[in-house]
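Structural characterization, general
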Amino acid sequence: MSKPIYVLNGPNLNLLGQREPEVYGHATLEDVRNRVNTRAAQYELAIEFRQSNTEGELVDWIQEAGANAAGLIINAGAYTHTSVAILDALLATDVPCIEVHLSNVFQREEFRHHSYISVACVGVICGFGVKSYELAVEALAERLDAAES
Ligand code: CA2
């Protein structure tokens, strides 16, 4: 069995679909999980999908992904713009990571324009709602495929 892709979600993303639909859409985090699983199945990839409101737990999961995963997709939520701890955890892993955001952070407040974690990621996808996650699965699948051949 090949290694899974970890899909990690940061603070408040458990509220998806319940508040601020004008910013984040109507899909719930469960909808995101289902769409990610469906897209990953097309590439015969397994997904480990998690959400936490706690910075340290996300750090633990990134370290776990470093040991167990083929790749990592992360929406670090607000920690994107604040967390050196998450950056350091990503820098300490060898697995390719893609940063995703539902919203186009560059159309929003200036403090959302800077990401601490982008420098540790192979790419960043933002602004496409749930599709941002699906595009990340696709990009990671192609990258893993290319690395194998
Ligand atoms: O656009 C994204 O995916 C973000 O990572 C979402 C974060 C935000 O801090 C980033 O700047 C951009 C916020 C996630 C909070 O999600 C909520 C969902 C529904 C209701 C309230 C918050």
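This text goes with the structure placed above it.
Heads up: these notes are all about the structure in this document. Remember, it's a predicted structure, so these values are computed and weren't measured experimentally.

Looking at the nonpolar core
- Formed by 24 residues in total, the largest nonpolar core has its most connected members in I5, V7, V32, V36, I73 and Y133.
- At the level of elements, β1 (5-9), α2 (29-42), β2 (47-51), β4 (97-101) and α5 (131-148) are the ones that each hand at least two residues to this core.
- Tallying contributions element by element places α5 first for this core, with six residues.
- When near neighbours in sequence (up to four residues on either side) are disregarded, V7 contacts V36, I47, E48, F49, R50, I73 and Y133.
- If you look at the next biggest cluster of nonpolar residues, it comprises 21 residues, including W61, A76, A120 and C121.

Side note on the packing of helix α3 (residues 55-68) against helix α4 (residues 84-91)
- As a packed pair, α3 and α4 sit with axes 9 Å apart at the nearest point and diverge in direction by 5°. When the axis of α3 is compared with that of α4, the two are roughly parallel. Each of E55, L58, V59 and I62 in α3 lies in contact with α4, whose residues at this interface are A85, I86, A89 and L90.
- Grouping the amino acids of the contact of α3 with α4 by side-chain chemistry returns seven nonpolar, no polar and one charged.

Details of the pattern of salt bridges
- Evaluation of the coordinates by the stated rule reveals seven salt bridges.
- Residues E30 and R33 are paired through a salt bridge, measuring 3.2 Å at the closest nitrogen-oxygen approach. Linking E30 with R33, this pair stays in helix α2, spanning three residues, or about one helical turn.
- We classify E30 as partly exposed; its relative accessible area is 44%.
- Residue classification places R33 among the partly exposed positions, given a relative accessible area of 30%.
- Residue R50 pairs with E64 through a salt bridge whose shortest N-O separation is 2.8 Å. Of the two residues, R50 sits in strand β2 while E64 sits in helix α3, which places them 14 residues apart along the sequence.
- What emerges from the salt-bridge pattern is a single network uniting E48, R50 and E64.

Quick notes on the side chain of H81
- Here H81 lies in the loop between β3 (71-75) and α4.
- Residues contacting H81, with those up to four places away along its chain left out, are V105, F111, R112, H114 and Y116.

What counts as what
Along every chain, residues carry numbers that run from 1 in the direction the sequence is written. The predicted origin of the model limits local features to residues at a pLDDT of at least 70 and limits the giving and counting of side-chain atom pairs to 80 or more, whereas totals for whole chains, interfaces and linings rest on all residues. As a rule here, side-chain values come from all non-hydrogen atoms in the structure, and water together with hydrogens is ignored. Here the nonpolar core consists of buried residues drawn from Ala, Val, Leu, Ile, Met, Phe, Trp, Tyr and Cys, with membership extended through side-chain atoms lying within 4.5 Å. Here the term buried applies to any residue with accessible area under 20% of the maximum for its type, exposed to any over 50%, and partly exposed to those in between, with areas from a 1.4 Å probe on protein chains only. Segments assigned H or I by DSSP are reported as helices when at least four residues long, segments assigned E as strands when at least two residues long, and all are numbered from the N terminus. Contacts are residue-level and defined by heavy atoms, with any inter-residue pair within 4.5 Å sufficient. To get an axis, a line is fitted to the C-alpha atoms, and for a helix only the part in contact is used. The angle between two axes follows their N-to-C directions and goes from 0 to 180 degrees. In these notes the angle categories are as follows: under 35 degrees is roughly parallel, over 145 is roughly antiparallel, 65 to 115 is roughly perpendicular, and the rest is oblique. Think of it as three bins: nonpolar holds Ala, Val, Leu, Ile, Met, Phe, Trp, Tyr, Cys and Pro, charged holds Asp, Glu, Lys and Arg, and polar takes everything else, Gly as well. Between Lys or Arg on one side and Asp or Glu on the other, a salt bridge is scored when a side-chain nitrogen of the former is within 4 Å of a carboxyl oxygen of the latter.

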